[in-house]
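Here is how the chains run, residue by residue.
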Amino acid sequence: MSTEEYPAAVPRSLAEALRGRDDVSLAALLRSRPDLITPVPTDLTQLATRAGTRASVVRALERLDRFTLQTAQALAVAADPASYGELLGLLAGDDGDPVVSAALPHALGVLREQALVWGGDERLRLVRTARELLAPSPQHPSPTGLGPTVREATAGMSPGRIQEIVATAGLPSTHDSVSAVASLTALFNDPARMSALLDEAPAESVEVLERLVWGPPYGQVTADPAPRLRWLLDRGLLLPTAPGTVVLPREVALRLRAGRAHRTPEPVPPPVEAAATHRPQVVDATAAGQAYTALSTVEELLKDWHEGGPAVLRAGGLSVRDLKRTAVALDVTEPVAAFWVELAYTAGLLASDGEADERYAATPAYDEWLERPAAERWAHLVTAWLAATRTPGLAGGRDAKDRTLSALGPGLDRSAAPEVRHRVLTLLAGLPEGAAPAPESVLARLRWERPPREGGRGSAGPAPSGAEGVRGAGGSPAGSPPGAAGARGAEGSSGAAAGEDLRARIARWTLSEAEMLGITGRGALSAHGRALIGAPAARRPEAEPEGPGDKLPVRHRPAPVPAPLSPAEQAAATAAAARLLAPLLPEPLDHVLLQADLTAVAPGPLERPLADLLEVLADVESKGGATVYRFTPGSVRRALDAGQTASDLHAFLAAHSRTPVPQPLAYLIDDVARRHGHLRVGAASAYVRCDDDAVLSEILADRRAAGLGLRRLAPTVLAAQAGPAGLLEGLRAMGFAPAAESAEGDVVIARADAHRTPPRTPPAPVPEGPPVPDDTLLTAALRAVRAGDLASTAPRRPAGGGDPVRGEPPRTTAAETLATVQAAVLTGEALWIGYVNAEGGASQRVIAPVRVEGGFVTAYDHTADEVRTYPLHRITGVAELADDAD
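Computed from a predicted model, the values in this text were never measured in an experiment. (Residues numbered from 1 in each chain as written. Predicted model: local features only at pLDDT ≥ 70, side-chain atom pairs only at ≥ 80, totals over all residues. Heavy atoms only, no water.)

S.K.: What exactly am I supposed to notice about the overall build of the protein chain here?
M.R.: Along its length, the protein chain carries 34 helices and 26 strands. Residues counted as buried form 47% of the 886 residues belonging to the protein chain. (Helix = DSSP H or I, 4+ residues; strand = E, 2+ residues; numbered from the N terminus. Buried < 20%, exposed > 50% of the residue type's maximum accessible area, 1.4 Å probe, protein only.)

S.K.: Would you take a moment to explain the confidence of the model for the protein chain for this structure?
M.R.: The predicted structure's coordinates, where accompanied by low pLDDT, should not be read in detail. Across the protein chain, the average pLDDT comes to 83, with 86% of residues at or above 70. For residues 540-556, every residue scores under 50 in pLDDT, and the model assigns this stretch 18 contacts once sequence neighbours within four places are set aside. The model gives residues 799-807 a pLDDT under 50, and that stretch makes 14 contacts with residues more than four places away or in other chains. (pLDDT = per-residue confidence, 0-100. Contact = heavy atoms within 4.5 Å.)

S.K.: What exactly am I supposed to notice about the environment of Glu 853 here?
M.R.: One can find Glu 853 in strand E23 (residues 842-853). Along the primary structure Glu 853 and Gln 822 are separated by 31 residues, whereas in three dimensions their C-alpha atoms are 9.8 Å apart.

S.K.: Hey, could you run me through the environment of Pro 418 in this one?
M.R.: Here Pro 418 is to be found in helix H21 (residues 417-429). In this structure, the C-alpha to C-alpha distance between Pro 418 and Pro 564, residues 146 residues apart in sequence, is 9.0 Å. Filtering out sequence-adjacent residues up to four positions away, Pro 418 remains in contact with Leu 386, Ala 387, Ala 388 and Thr 389.

S.K.: How do you make sense of the pattern of salt bridges when you look at a structure like this?
M.R.: Where charged atoms of side chains with opposite charge meet at close range, the side chains can pair. Under the definition given, this model contains 37 salt bridges. Put simply, Arg 66 and Glu 266 hold a salt bridge, and the shortest N to O gap is 3.5 Å. Pair noted here: Arg 66 is in helix H5 (residues 66-77) and Glu 266 is in the loop between helix H15 (250-256) and strand E6 (274-277), with a separation of 200 residues, a long-range link. Given the relative accessible area of 22%, Arg 66 is considered partly exposed. Of the charged contacts, one joins Glu 419 and Arg 503 as a salt bridge, the two residues approaching to 3.9 Å between their closest N and O atoms. Note that Glu 419 is positioned in helix H21 and Arg 503 in helix H24 (residues 502-517), a separation of 84 residues in sequence. (Salt bridge = Lys/Arg side-chain N within 4 Å of Asp/Glu carboxyl O.)

S.K.: Can you help me understand the packing of H21 against helix H22 (residues 439-449) in this one?
M.R.: Closest axis-to-axis distance for the H21/H22 pair is 11 Å, and the angle between their directions is 120 degrees. Of the possible angle classes, the one that applies to H21 and H22 is oblique. Classified by chirality, the crossing of H22 by H21 is right-handed. The segment H21 lies against H22, with Arg 423, Val 424, Leu 427 and Leu 428 engaging Val 442, Arg 445, Leu 446 and Glu 449. Residues belonging to the contact of H21 with H22 are distributed by class as follows: five nonpolar, no polar and three charged. (Axes fitted to C-alpha atoms, helices over the stretch in contact; angles between N-to-C directions. Parallel < 35°, antiparallel > 145°, perpendicular 65-115°, else oblique. Left-handed = near helix turned anticlockwise from the far one by under 90°. Nonpolar A, V, L, I, M, F, W, Y, C, P; charged D, E, K, R; others polar.)

S.K.: In this structure, what is going on with the side chain of Arg 423? I would like to understand it.
M.R.: Of note, Arg 423 is situated in helix H21. Engagement of the side chain of Arg 423 in a polar contact is seen with the side chain of Glu 449, the distance being 2.5 Å. (Polar contact = N/O pair within 3.5 Å; in protein donor to acceptor, adjacent residues only side chain to side chain.)

S.K.: Help me out: how do you make sense of the packing of helix H29 (residues 646-656) against helix H30 (residues 663-675) in this one?
M.R.: Helix-helix packing: each pair is described by the crossing angle between the helix axes and the interaxial distance. Look at H29 against H30: their axes get within 9 Å of each other, and the N-to-C directions meet at 160 degrees. Judged by the inter-axis angle, H29 sits roughly antiparallel to H30. As for how H29 packs across H30, the hand of that crossing is right-handed. Between H29, through Ala 646, Leu 649, His 650 and Leu 653, and H30, the contact on the second element is made entirely by Leu 665, Ala 666, Ile 669, Asp 670 and Ala 673.

S.K.: What's the story with helix H7 (residues 98-113) in this structure? I'm lost.
M.R.: Three- or four-residue spacings in an α-helix give side chains the same orientation, since the helix completes a turn every 3.6 residues. Helix length check: H7 (16 residues) gives 24 Å between terminal C-alpha atoms against 22 Å at 1.5 Å per residue, within 8%. Along H7, the largest kink reaches about 35 degrees and is centred on Leu 104; proline Pro 105 follows within four residues of it. Listed in full, the buried residues belonging to H7 are Val 100, Ala 102, Ala 103, Leu 104, His 106, Ala 107, Leu 108, Gly 109, Val 110, Leu 111 and Arg 112. As for H7, its buried residues are in contact with H5, helix H6 (84-92) and strand E1 (117-118). Capping the start of H7, Asp 97 holds a side-chain oxygen 3.0 Å from the backbone nitrogen of Val 99, two or three residues further along. (Expected span 1.5 Å × (residues − 1). Bend = angle between axes of the 7 residues up to and from the residue.)

S.K.: Can you walk me through the environment of Ala 737 in this structure?
M.R.: By the secondary structure assignment, Ala 737 is in the loop between helix H32 (724-733) and strand E20 (739-740). The class for Ala 737 is buried, based on a relative accessible area of 9%. Ignoring any residue separated from it by four or fewer positions in sequence, one finds Ala 737 in contact with Arg 637, Arg 675, His 676, Gly 677 and His 678.

S.K.: What is the right way to read the packing of aromatic side chains from this model?
M.R.: A complete count under the given rule lists four aromatic pairs for this structure. Above the plane of the ring of Trp 369 lies Arg 377, whose end atom (NZ or CZ) is 5.4 Å from the centre. (Phe/Tyr/Trp six-rings, centres within 6.5 Å; stacked < 30°, edge-to-face > 60°. Lys NZ or Arg CZ within 6 Å of the ring centre and 35° of its normal.)

S.K.: Before we go on, may I ask you to explain the sheet that holds strand E13 (residues 599-602) in this structure?
M.R.: A sheet is described by the order of its strands in space; here four strands give the open sequence E12-E13-E15-E14, paired in antiparallel fashion. Unpaired on one side and paired on the other, strand E12 (593-595) and strand E14 (619-622) mark the two borders of the sheet. For this sheet, the mean inter-axis angle between neighbouring strands, taken without regard to orientation, is 30 degrees. Of the strand pairs in this sheet, E13 and strand E15 (residues 627-630) are connected by four bridges, and their pairing is antiparallel. (Pairing = 2+ DSSP bridges.)

S.K.: How do you make sense of helix H18 (residues 334-346) when you look at a structure like this?
M.R.: The first and last C-alpha atoms of H18 sit 18 Å apart over 13 residues, in line with the 18 Å expected at 1.5 Å per residue. Among the residues of H18, Ala 337, Ala 338, Phe 339, Trp 340, Val 341, Glu 342, Leu 343, Ala 344 and Thr 346 are the ones counted as buried. Among the structural elements, helix H16 (280-304), helix H17 (320-330), strand E7 (350-352), helix H20 (374-387) and H24 are those in contact with the buried residues of H18.

S.K.: In this structure, what is going on with the sheet that holds strand E3 (residues 218-220)? I would like to understand it.
M.R.: Across the sheet, which stays open at both edges, the three strands sit in the order E3-E5-E4 with antiparallel pairing between neighbours. The open sheet has two free edges, formed respectively by E3 and strand E4 (239-242), since each of these has just one partner strand. Direction aside, neighbouring strands of the sheet carry axes that sit 40 degrees apart on average. Note: E3 against strand E5 (residues 245-247), three bridges, orientation antiparallel.

S.K.: I would appreciate a short explanation of the side chain of Thr 389 in the present structure.
M.R.: Positionally, Thr 389 belongs in the loop between H20 and H21. Given a relative accessible area of 3%, Thr 389 falls into the buried group. Reaching out from Thr 389, the side chain makes a polar contact with the backbone nitrogen of Val 766 at a distance of 3.0 Å. Sequence-distant contacts of Thr 389, defined by excluding residues within four places in its chain, comprise Leu 412, Asp 413, Arg 414, Ser 415, Ala 417, Pro 418, Pro 765 and Val 766.

Printed below as a string of structure tokens:
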């Protein structure tokens, strides 16, 4: 936004500046600062007041990019008001950096758009709250590293001492302290005279100034300073602010800095650099393989919890022991296991069952998810991941109260996560096709777009210690000014570099999570990942990004950060991503390769009926590009317990094997089937029956059966003190193959019961402040604000005539009200009324009466922008608008 978009009239307040804006500009303000519209302000005066509140200004400052924030910081140390030229000098320096000069109009336009700066180019004003937050003080050093002005530093100094400083500096004496301070300030602001003064300074004194110039500007001295310090104190180049404390005045620091408020202005965002480049086909294929692995991992996780997962901790979440067990089952590290568990929870596939003995289990939505095509299942997962505020990387860390943060537990929501994820993927989309970024360059770009908040009210960044300069001159050791550093809130730190802010850690996690989900492949954004965020077609590798050396001003404007997609746009983007991914995913196979060593090799993913039965019939021995299954007596017995017969298993293997069924496998099935069900276990508390009494005698004679409490009831029946389940387990441990039977004597088919939670909704993201208003809400809000402003600012004509006045709602008698309203119906004039609604709420309105009848007035209400009917007895008073009213 350029500075010419605002009217030339000089506003006297922020409210007047807002009245000079058009609806497009006001809509841009409300989009960039949505907290201003919650609730909708009654008029522009209230909007301006709300825009100047501390909470709103802090939120707006935190969302500025680095150079725009540097511009605001420069205005905070400039005169109030300041001209555009003064601001440019503070940022570009005396030499006039052309890149800074080109970038400043855009940065200033952003500050104006967000109502942080108002006024014309000759009278720029930073809103008062922002100036209080960014201006330097002993308690809150400025991010610029500058100290107070000469006038502020000498506020408590005796007039005699001020006159001594003026005289020592070679200036004529004055009759009062105000003119003496002005004379000293003029000296420090004059480059020629300042250079001459510094030429006379001892080298040791100049060294002290050089140590203090970039901040912190404060230091401590003894009661008897060294000569090099005394020379500076006598000429006002250092000024005392408290006993034993001195400060470098702002004017002196700016002269020593060649006029720059910041050591290193950063008008251009750092580029995202490519660390490696791969063929796009390789990237897409790698990403598709990772996407399929992600689906398999989620399925494996929820199959492992098929009959009910781990218990829910009393405080909520998954215990450390259960997370370790899950990691072992998935063959991943614990942080990665926490990610998959949280992803399933975020996608609504996993939840707590809500029972008295609460446990985690799959939801009914999981069964529906399994029936969908693989590409759609992937799209469901990544869409949930993009919008989630759950941050699995924090699991295992500690919160601000030093409590452990657990996976699936409370305290893992971070409202910045969706924005950071979307921005990281957008930055990857800006690279040439197949280019993988250097992670540090991504983090540097994010830090520029949203500088991390440091301690106090701001941070001057790394700078030499000013106290060292004073100490080196013979002073006592000096401490940093109070408030120079603030404590950082405790956060989980697993998987992130120590000392990084939360956004940087989320960005690192995003890069690794996107790779695990198959959004990226080998670090580069895939074609389906690009479609997922609605990014345009990739640039070709030979199209180099524009560099900071281009002299066109538009090149120095940072690329606008794209807004998150609307729900409808995201749904369309997700569908497009699924369509691109679908051809890259492997087709499910309907066969396996049986081998003579009692193993089966699945050369790829299997169709669901085949995979489900094979997982019952055999144990998974290894995974990878091909899955190896091993057949054992126990796995075959598991299939027989599930209701299969030996002939069923032979037919199944023959139908789905591309190789002949090996003879050892056929023998294994027949052997287990022959023994399966020979013994029958029922409930007595339990019993065993067998047609062969010799087998029962063998069991009774076995020492391992002592714990089962067996005794013979009949030649073919044994009773047991153990329950049916314990008896089955004990007999199987002894090498037998018993089968359970029902009360009717039928074999009980042992199928694993799938435990499901009641229907559950996925966890809702925790928003970061009010949502950005849509166009419909903006249109209605602007109409209401404009109408309310018209009602509150329209000039009113007193009943007896005279000049327009602004004041309290009018007060007239019932007869005067009726007569004025009836006259307005005939003349078509608008009126200003005071009105009290049925709840007793008073308001002011501008109406154009249409008719009066039955004790009611029907009028067009300019405040509400619609026709309404008002009872006359609720109108407290009425006044005509002045002739020059809009």
